[in-house]
Amino acid sequence: MGLIERLAADVTCLKGALRTLKMTTPIAKNPTRIFPTVIDELADKFGDAPALLSDRERLSYRELAQRSNRYARWARAQSIGKGDAVCLMMPNRPEYLALWLGITRVGGVVALLNTNLTGTALAHCINVVEPKHIIVAAELLAPIESARGNIVGGAKFWLHGDAAANFPRVDREVEGFSGDTLSDAERCPLTIEDRALFIYTSGTTGLPKAANMNHYRVMLASHAFAGVMDTKASDRMYDCLPMYHTAGGIVATGALLVKGGSVVIREKFSVREFWDDVVRWDCTVVQYIGELCRYLVNSPPHPKERAHRLRLACGNGLRPDVWPEFKRRFQIPQIIEFYAATEGNVSLFNFEGKEGAVGRLPWFLAGRFPTKIVRFDVERQQPIRDAQGFCIECAPDEPGEVIGKILKDASKPGARFEGYATAVETEQKILHDVFDKGDVWFRTGDLMRKDASRYFYFVDRIGDTFRWKGENVSTTEVEEAIGAFDGALEANVYGVQVPGHDGRAGMAAIVAKDNFNLTAFRDHLTRLLPDYARPIFLRTRNNIDVTATFKQKKNDLVAQGFDPKIISDPIYFNDPAAKAFVRLDAALSDRIRAGQVRI
């Protein structure tokens, strides 16, 4: 990058950073102003202007505030107080936001459950937050029923919608409460330091972790991205990402609402209907994850794919091989790629539109947002230390783990790490004595490299987690599900790269009994695991290679992938068309690599 080009990039980045800081700096200075308070202010300012839109229901700013007030009064009637957890399992819809806004308004903490989970994984997510109440949408009653036998505690179940269940109907009960603004006596004294949400994230090991999301982080996510995207009242966001994640549930919604814009909420992403929706709703902004963009690029031409008014696509995970075609084919004027984690303190933004980069940290921001890349030992799964016991910063273009310094500065709450529901999980993400004795840094669990121009590029995820179909997959969880099948003796689960697909596809190397039944095994996995976590490839072996300390070796398996030309073990492909595991030969492997087979 030449001097003129670098100066231009610095100016673009500086403008974006100043917009963002203008929106976020006041948050810490007004500690009692939480997001539900902002919604009240917006209702007064924008009234009947559209806020949340969908084919199912629509809420104006005034109606959103009123609906959330009804839920707040319902929560008070159930004696839900400060810090009490309420689990919510509901598909994307405007009511989703109104519900958790109301409960958090009076001090409750809402755990946003992943709607893909079932059985023991879902029960774990519920148990870890120890809820007093569980609210489930009628269409998601079956997954809850599959988990009930493993749910501990005396949480009260509530149904939202009509279904054959003996649970009280929360959607009916709230109609008996007023939607007027809460009086001072009805309000719970809250600050931005108080917990608001639990948002689940897969860490480097084990089942999903419940990340603490205090009111500051809710305010930060919504206001920061309003600055990043430079949203206006005339903007309309198309949001088809899961609302149980930060991107779809807080960033895509809050960034538009705080500026008076509107948000179109779709229950699930659809390649076939994406452009119809964007044009029909006259959207100007879209929130993406990389795989969404790849699906669109790989789809047949759509008559409306250039008939839109989109000015911006903002998101994360847009890979270098998809970026230029996505921008060119669909005539997207601007793309802002970013990197962030729900529970973390590392945020990177690519304001300049540098293809393939997740963000840039120019010299004038490096001191305010201390972020480093340190050398990493892939075998030990730990940062490398020098002779003095300190971590070693990577050279330009050298891959390593990204870490962010944890600061206990009241004026910089975004530099803190709020952790998870359990102390053990929290400590696993903290790195001590990194560059100096006593310093503390947050481990992102991601490998990146940084070039000479200070652009960051994603390399891979660390440890026992890989990403597939926009979701984090825990290999430990999958291994446990496989181990629960009678015919499976041992399993080693890992992710393998498939040409033309983002992330890594799940693959399991297993040691099985002689009478192993592939049909019954597939049915077993379907019952226990969400679609994205089920192994795409299966490799049967006589034994699982382990280290001297009996830890399973994954690196060689990952490197070999699913290539039957170099693997003598039998390999099977989880064929969605045949709904069965079929033997993988060289011809089928080549067709998969060429993108001729759906996976």
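Residues numbered from 1 in each chain as written. Predicted model: local features only at pLDDT ≥ 70, side-chain atom pairs only at ≥ 80, totals over all residues. Heavy atoms only, no water.

Participant: How should the environment of Val279 be read in this particular structure?
Facilitator: One can find Val279 in helix α10 (residues 274–280). For the pair Val279 and Ala307, spaced 28 residues apart in sequence, the C-alpha to C-alpha distance is 6.8 Å. When neighbours within four sequence positions are excluded, Val279 is seen to be in contact with Lys304, Ala307 and His308. (Helix = DSSP H or I, 4+ residues; strand = E, 2+ residues; numbered from the N terminus. Contact = heavy atoms within 4.5 Å.)

Participant: Explain helix α3 (residues 61–77) to me, please; I cannot follow it from the model alone.
Facilitator: An α-helical segment advances 3.6 residues per turn. Residues three or four places apart therefore align on the same side. Given a rise of 1.5 Å per residue, 17 residues ought to cover 24 Å, and the 25 Å separating the end C-alpha atoms of α3 matches this to within 8%. Taken as a whole, α3 has its buried residues at Tyr61, Leu64, Ala65, Arg67, Ser68, Asn69, Tyr71, Ala72, Arg73, Trp74 and Ala75. Positive phi appears at Ser79, one or two residues downstream of α3, with a value of about 60°. (Expected span 1.5 Å × (residues − 1). Buried < 20%, exposed > 50% of the residue type's maximum accessible area, 1.4 Å probe, protein only.)

Participant: For this particular structure, what's the right way to read the packing of aromatic side chains?
Facilitator: To describe a pair of aromatic rings, you give the distance between the ring centres and the angle between the ring planes. With the rule as written, the count across this model stands at 22 aromatic pairs. Summarising the aromatic geometry, the rings of Phe225 and Phe338 are spaced 4.7 Å apart at their centres and angled 65° between planes, so their arrangement reads as edge-to-face. With Phe225 in helix α8 (residues 215–228) and Phe338 in strand β13 (residues 335–339), the pair connects residues that are 113 residues apart, well separated along the chain. Overall, the relative accessible area of 6% leaves Phe338 in the buried class. Grouped by ring-pair contacts, the aromatic residues Tyr238, Phe269, Phe274, Trp275, Tyr288, Tyr295, Phe326 and Phe330 constitute a single cluster. Above the face of the Tyr420 ring, Lys209 is positioned so that its terminal group lies 5.9 Å from the ring centre. (Phe/Tyr/Trp six-rings, centres within 6.5 Å; stacked < 30°, edge-to-face > 60°. Lys NZ or Arg CZ within 6 Å of the ring centre and 35° of its normal.)

Participant: What's the story with the pairing of strand β12 (residues 312–316) in this structure? I'm lost.
Facilitator: The two faces of a sheet get side chains in turn, since along a regular strand they alternate between them. Across the five residues of β12, four count as buried, placing the element largely inside the fold. The pairing of strand β11 (residues 285–289) with β12 spans five bridges and is parallel. In the strand pairing of β12, Tyr288 is matched with Gly315. Read as a crossover between parallel neighbours, the route from β11 over helix α11 (residues 290–297) to β12 is right-handed. Bridge analysis of β12 against β13 gives three bridges, and the strand direction is parallel. Following the sheet pairing, Cys314 is matched in β13 by Ile336. (Pairing = 2+ DSSP bridges. Right-handed = clockwise from strand over helix to strand, strands pointing away.)

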